[in-house]
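# Examination of the molecular architecture
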Amino acid sequence: MSTAIGIFYGSSTCYTEMVAEQIFAQLGPERATLHNIADTPISKCKEYDYLLFGIPTWDYGELQEDWENIWDDVAGLDLSGKTAAIFGLGDQIGYPDWYQDAMGYLYHLLSSLGVTLVGHWPNQGYEYAESKALTEDGEYFVGLPLDDENQADLTEDRITKWLSSLAFCSDS
Ligand SMILES: Cc1cc2nc3c(=O)[nH]c(=O)nc-3n(C[C@H](O)[C@H](O)[C@H](O)COP(=O)(O)O)c2cc1C
């Protein structure tokens, strides 16, 4: 499948940025374009049918500041018909009661805008107490949770598996 994929991310201390770059490297520039939301108007995502969003959680369950700055802009977009998946950065040991909450907030906002969200990920293999980024049955995260503070060695493999599970990102 040949598709144009827009990757949009916000990042305060570069962890999400590094993951976004890894995802971009795996997909290749012929398929994907990388956008830091601090530099690119979020309305640009309307140009893509397929989207990947990267969001870390900050300050005890809060949005990363670049996402917070454009939250109302996102809420005003018509994204019906788009297909998207979210990857999140968080720290399950340092912030176990708010693990990946921002990914959950973005998931619910995008769902309300008519976006089809794919890329759920099993909640096994993580140690946390609470998260707002779980599916209703609690079995899955609503996107790919990554923890480069505590599980950096798992990140690359998780990204590869997640991308290959996404129809719009797989090679065939
Ligand atoms: C002050 C502070 C607060 C944080 N709060 C949370 C949190 O509530 N939940 C979570 O999962 N991670 C939390 N984290 C971890 C960050 O999400 C993690 O460091 C992430 O990799 C940062 O990504 P970025 O560099 O792309 O901004 C926090 C980190 C710091 C330093």
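All residue numbers refer to position in the chain's written sequence, counted from 1. Under the rules for a predicted model, residues below a pLDDT of 70 receive no local features and side-chain atom pairs below 80 are neither given nor counted, while totals for whole chains, interfaces and linings still include all residues. Values reported for side chains reflect all heavy atoms of the structure, with hydrogen atoms and water molecules removed beforehand.

## Description of helix H2 (residues 65-75)
Taken as a whole, H2 has its buried residues at Asp66, Trp67, Ile70, Trp71 and Val74. On an axial view of H2, the arc spanned by its buried residues comes to 165°, and they lie on one face. Facing away from the buried side of H2, by more than 90 degrees, are the exposed residues Glu65, Asn69 and Asp72. Packing partners of the buried residues in H2 comprise strand E1 (5-9), strand E3 (50-58), strand E4 (62-63) and helix H3 (101-112). Burial here depends on accessible area, computed with a 1.4 Å probe over protein chains only, as a share of the maximum for the residue type. Under 20% is buried, over 50% is exposed, and the range in between is partly exposed. Comment: elements are numbered from the N terminus, with helices defined as DSSP H or I runs of at least four residues and strands as E runs of at least two. Relevant arc is that of directions from the helix axis to the C-beta atoms, nothing else. When checking whether two residues touch, look at their non-hydrogen atoms; a contact exists if any pair is within 4.5 Å.

## Overview of the state of the cysteines
Sulfur atoms of two cysteines make up a disulfide when they are within 2.5 Å. According to the stated counting rule, one finds 0 disulfides in the structure shown. For Cys45, which is in no disulfide, the shortest distance to another cysteine sulfur is to Cys169 and amounts to 15 Å.

## A closer look at the pairing of strand E2 (residues 32-36)
In summary, the side chains of a regular strand alternate between the two faces of the sheet. Sheet topology note: the E1/E2 ladder contains 5 bridges and is parallel. Bridging from a neighbouring strand, Tyr9 pairs with Asn36 of E2. If the strands point away from the viewer and the path from the first strand over the helix to the second runs clockwise, then the crossover is right-handed. The handedness of the E1 to E2 crossover, carried by helix H1 (residues 15-27), is right-handed. A strand pair is defined by DSSP finding two or more bridges across the two strands.

## Observations concerning the side chain of Ser170
Mapped onto the elements of the fold, Ser170 is located in the segment after helix H4 (152-165). Residue Ser170 is classed as buried on the basis of its relative accessible area of 17%. The term polar contact refers here to a pair of N or O atoms within 3.5 Å; inside protein, the definition further demands a hydrogen-donor-capable atom paired with an acceptor-capable atom, and it admits residues adjacent in sequence only when both atoms are side-chain atoms. A polar atom in the side chain of Ser170 sits 3.2 Å from the backbone oxygen of Ala167. With near-sequence residues (within four places) excluded, Ser170 lies in contact with Arg31, Leu163 and Ser164.

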